[in-house]
Amino acid sequence: MNWKVICFDLDNTLYSHEMAFKNAIEYCYSHEVVPYLKEKGIEEVPFEIWFTAFKKNCDRFWNVYEEGNVDAVTYRRLRYEETMHSFSLPSEDIEADRFHKRYDQIVDTFSEPDEALLPLLTWLKQHNIKTGVISNGAVETQMRKMKKLGLTENIIDGVVISAEVGFSKPDPNIFKIMEQELGEKAAECLFIGDTWEQDVIGACNAGWDVVYLNSRKKSPTTNDKPIKICDSLGEVFDWLLDQS
């Protein structure tokens with residue numbers, strides 16, 4: 001094995017964020033939107049139709065948020081309120097905020113580990129490979145997800161979350177912080193993540209080797225060179241077995 005450290009992204013790498021996201025949004029819809037509409041005597045929109053519009057608005061406003069033109073609260077309000085307005089449903093900031101507050105409270109409960117996750121981490125520990133998670137996001141939310149996935153301190157050696165350290169992927173500094181935490185050099189580190197712009201570019205710029213977990217079949221956007229491209233975490237595990 002060429003690496004002393006193998007670290008992972010969290011969302012859509014160690015579990016399906018897309019599935020957890022949809023299930024959590026459906027829960028929030030039934031517990032926030034539906035009662036709100038009933039109170040006003042308005043017929044609800046079927047969830048699948050509402051969610052399709054909501055997801056489009058998530059994507060529509062994401063670049064605006066990523067470019068720093070709006071903050072996270074405004075981004076969430078935009079995606080919610082534009083969805084409601086597209087069906088001529090009433091909406092104000094207070095409803096959007098309450099919807100997303102509930103989402104933050106329950107999203108981790110819908111996070112289910114990839115079937116290869118715990119066998120992979122157990123195997124790495126048996127081979128004295130240090131492991132870690134480097135994730136963008138809010139500390140409390142990401143830590144709750146990790147707990148639900150079984151990523152305890154007995155399994156994972158290091159955790160670096162953007163909101164806690166002040167750097168977000170693809171900034172190389174977030175990878176440097178993990179190097180310091182685990183006491184290893186970049187040349188001895190491998191990162192596994194599903195997002196080209198954050199994970200592949202960030203890890204390459206930090207001097208790490210990187211595996212692109214392309215489970216969503218998205219094409220590269222730069223000339224950066226991951227050491228391997230895999231379709232699933234199970235495929236990553238098989239590849240690592242071949243490297244040992």
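Reference entry: report on the structure contained in this document.

Rules of the game
Residues numbered from 1 in each chain as written. Predicted model: local features only at pLDDT ≥ 70, side-chain atom pairs only at ≥ 80, totals over all residues. Heavy atoms only, no water. Core = buried A, V, L, I, M, F, W, Y, C linked by side-chain atoms within 4.5 Å. Buried < 20%, exposed > 50% of the residue type's maximum accessible area, 1.4 Å probe, protein only. Helix = DSSP H or I, 4+ residues; strand = E, 2+ residues; numbered from the N terminus. Contact = heavy atoms within 4.5 Å. Arc of directions from axis to C-beta.

Details of the nonpolar core
Side chains of a nonpolar character, in soluble globular proteins, are inclined to be buried together. I6, F8, L14, L151 and L240 are the most contacted members of the largest nonpolar core, which totals 30 residues. Elements supplying a minimum of two residues to this core: β1 (5-8), α5 (117-126), β4 (189-193), β5 (209-213) and α10 (233-243). Residue contacts for L151: discarding those within four places in its chain leaves L10, L14, L117, L121, V133, M146 and I156. By size, the runner-up hydrophobic cluster in this structure holds 26 residues, among which are V33, W50, F51 and A96.

As for α10
Three or more residues of α10 are buried, namely L233, V236, F237, W239 and L240. Burial along α10 is one-sided: seen end-on, the buried residues are contained in an arc of 165°.

Thoughts on unusual backbone geometry
With an omega of 20°, the peptide bond running from K169 to P170 counts as cis. Mapped onto the elements, P170 comes out in the loop between α7 (162-165) and α8 (172-182). A positive phi angle, near 60°, is found at S88, a position not held by glycine. By secondary structure assignment, the location of S88 is in the loop between α3 (72-86) and α4 (93-106). The backbone of K217 sits at a positive phi, close to 55°, despite the residue not being glycine. With respect to the element layout, K217 can be found in the loop between β5 and β6 (228-230).

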